[in-house]
Amino acid sequence: MHVDLNLLTALDALLEEGSVAGAADRLHLTQPAMSRALARVRHAMDDQILVRSGRTMTPTPRAVAVREQVHALVQQAQAILAPERDIDPGTVERTFTLSWHEAITTAIGAQLLATVSRRAPGIRLRLLAEASTDTNDLRHGRVDLEIGATTPEQADISHTTVAHDRLVVVTRHDHPITDMTLDNYAAAQHITVSRRGRLHDRIDDILAQQDRHRHTVAAVPTSTTALHIVRHSDLLVVVPEHMTRSAVHDLALRVHPLPFDLAPTPVVMAWHQRYDGDRAHQWLRSETAAALVVLC
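Now for a quick tour of the structure. (Residues numbered from 1 in each chain as written. Predicted model: local features only at pLDDT ≥ 70, side-chain atom pairs only at ≥ 80, totals over all residues. Heavy atoms only, no water.)

So, the nonpolar core
- Ranked by size, the top nonpolar core spans 28 residues in total, and within it Leu 98, Trp 100, Ile 104, Ile 123, Leu 125 and Leu 292 carry the most contacts.
- Examining the composition of this core, we find that 7 residues originate from one element, helix H11 (residues 279-295), more than from any other.
- For Trp 100, the residues in contact, after removing those within four places along its chain, are Thr 105, Ile 108, Leu 112, Leu 127, Leu 128, Ala 129, Glu 130, Leu 145, Glu 146, Ile 147 and Thr 288.
- By size, the runner-up hydrophobic cluster in this structure holds 21 residues, among which are Met 34, Ile 49, Leu 50 and Val 66. (Core = buried A, V, L, I, M, F, W, Y, C linked by side-chain atoms within 4.5 Å. Buried < 20%, exposed > 50% of the residue type's maximum accessible area, 1.4 Å probe, protein only. Helix = DSSP H or I, 4+ residues; strand = E, 2+ residues; numbered from the N terminus. Contact = heavy atoms within 4.5 Å.)

Regarding the sheet that holds strand S6 (residues 157-165)
- Taken in spatial order, the 5 strands of this open sheet run S4-S3-S5-S12-S6, and their pairing is mixed. The two strands at the open ends of the sheet, each matched to only one other strand, are strand S4 (123-129) and S6. Adjacent strand axes in the sheet meet at a mean angle of 20° when their direction is disregarded.
- The sheet contact formed by strand S5 (residues 145-148) and strand S12 (residues 265-272) spans 3 bridges and is antiparallel. Each residue of the ladder has a partner; that of Glu 146, found in S12, is Ala 270.
- The sheet contacts of helix H5 (residues 102-119) involve strand S3 (94-100), S4, S5 and S12, and relative to S3 the element is tilted by about 160°.
- Relative to S3, H11 is tilted by about 40°, and along the sheet it contacts S3, S4, S5, S6 and S12. (Pairing = 2+ DSSP bridges. Axes fitted to C-alpha atoms, helices over the stretch in contact; angles between N-to-C directions.)

Concerning the pairing of S12
- Judged by how many residues are buried, S12 sits mostly within the fold: 7 of 8 residues are covered.
- When S6 meets S12, the two strands line up antiparallel, connected through 8 bridges. Paired with Thr 160 across the strands is Met 269, a residue of S12.

A look at the sheet that holds strand S10 (residues 237-240)
- Pairing in this open sheet of 3 strands is antiparallel, and the strands run S10-S7-S11 from one edge to the other. Each end of this open sheet is capped by a strand with a single partner; those strands are S10 and strand S11 (253-257). Averaged over all adjacent pairs, the angle separating strand axes in this sheet is 45°, with direction ignored.
- Of the strand pairs in this sheet, strand S7 (residues 167-172) and S10 are connected by 4 bridges, and their pairing is antiparallel. By the bridge assignment, Leu 167 is partnered in S10 with Pro 240.

Some remarks on the pairing of strand S9 (residues 215-220)
- With 5 bridges joining them, strand S8 (residues 189-193) and S9 adopt parallel strand pairing. Looking across to S9, one finds that Ile 191 is bridged to Ala 218.
- In terms of handedness, the path from S8 via helix H8 (residues 202-209) over to S9 forms a crossover that is right-handed. (Right-handed = clockwise from strand over helix to strand, strands pointing away.)

Focus on the pattern of salt bridges
- A complete count under the given rule lists 12 salt bridges for this structure.
- The shortest N-O distance in the salt bridge between Asp 201 and Arg 214 comes to 2.8 Å. A residue pair is termed long-range when its members are at least 10 positions apart, and Asp 201 in the loop between S8 and H8 and Arg 214 in the loop between H8 and S9 qualify at 13 residues.
- On the basis of relative accessible area, Asp 201 is assigned to the partly exposed category, the value being 29%.
- A residue is classified by how much of its surface remains accessible, and Arg 214, at 8% relative accessible area, is buried.
- Here Arg 214 and Asp 204 are joined by a salt bridge, their closest N and O atoms 3.0 Å apart. (Salt bridge = Lys/Arg side-chain N within 4 Å of Asp/Glu carboxyl O.)

Re empty space enclosed by the protein
- Enumeration over the complete set of coordinates arrives at 1 cavity of 30 Å³ or more.
- Residue assignment for the lining of the largest cavity shows that the elements contributing at least two residues are H5 and helix H9 (223-231).
- Within the lining of the largest cavity, the residues separate by chemical class into 4 nonpolar, 4 polar and 1 charged. (1 Å grid on protein atoms, 1.4 Å probe; cavity = no way out; pocket = protein on both sides within 12 Å on 5 of 7 lines; lining within 4 Å. Points joined across faces, edges and corners; volume = space filled by probe spheres on them. Nonpolar A, V, L, I, M, F, W, Y, C, P; charged D, E, K, R; others polar.)

Written out as structure tokens, the structure reads:
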């Protein structure tokens, strides 16, 4: 049986107003159109619904029996189809999965968790490390929010560049190199941070353009690991300045500017477009972005 759900709206108005004229005004229809709707309701329900009683119309027993149910259904439908209103984060019960660069998690994880705990105690966060290969986790719903340094190429992935962080050279505090010239940098031994284990990155390309090359002895997956290794060696590592500031301070390391020009690294937040209008997701994105902006 094909059911025209528009008839529920018509029936609700008829039962609330008790007249064709009143229902027509309520739904902004002409009286002939409302009369036709009543006829269709009567046919569908096999009941007169409203019958003439003098100058008024009286609901039938069937109409009285379904009046509250019909009104509730129409209200629910209107709530479902209406734009989502601003939410109170304190009422949200939800788990979000976040895939971020380890340095970002270290830098803002504690602040974000404190904000969530205070303002949205029903929200839980799963903080995952970046995958070692490109994935479709956002598209398939395995991850709700990613933060990285590259702009997504997929059309269905929304993104925004929240901030930029410049790269710096970090050494142990008593490293023999005190003046980080291009020659000193190229002559030193290095460690790279790469979740894929890459020993070569864009810095090597820049050095090659200046007839220089560096000797990279190892690649490690996280900035924290690299900084601990640097603390106990003569190795150099290049890391984002603001994202690693706390760890660099705690380990009493020394920061040097790069001896060549390199554009700051973007901090890109990405999510699937199905969450564009999701109020809880919007709130989490806003709080995450605020933490990153303050940091950078």
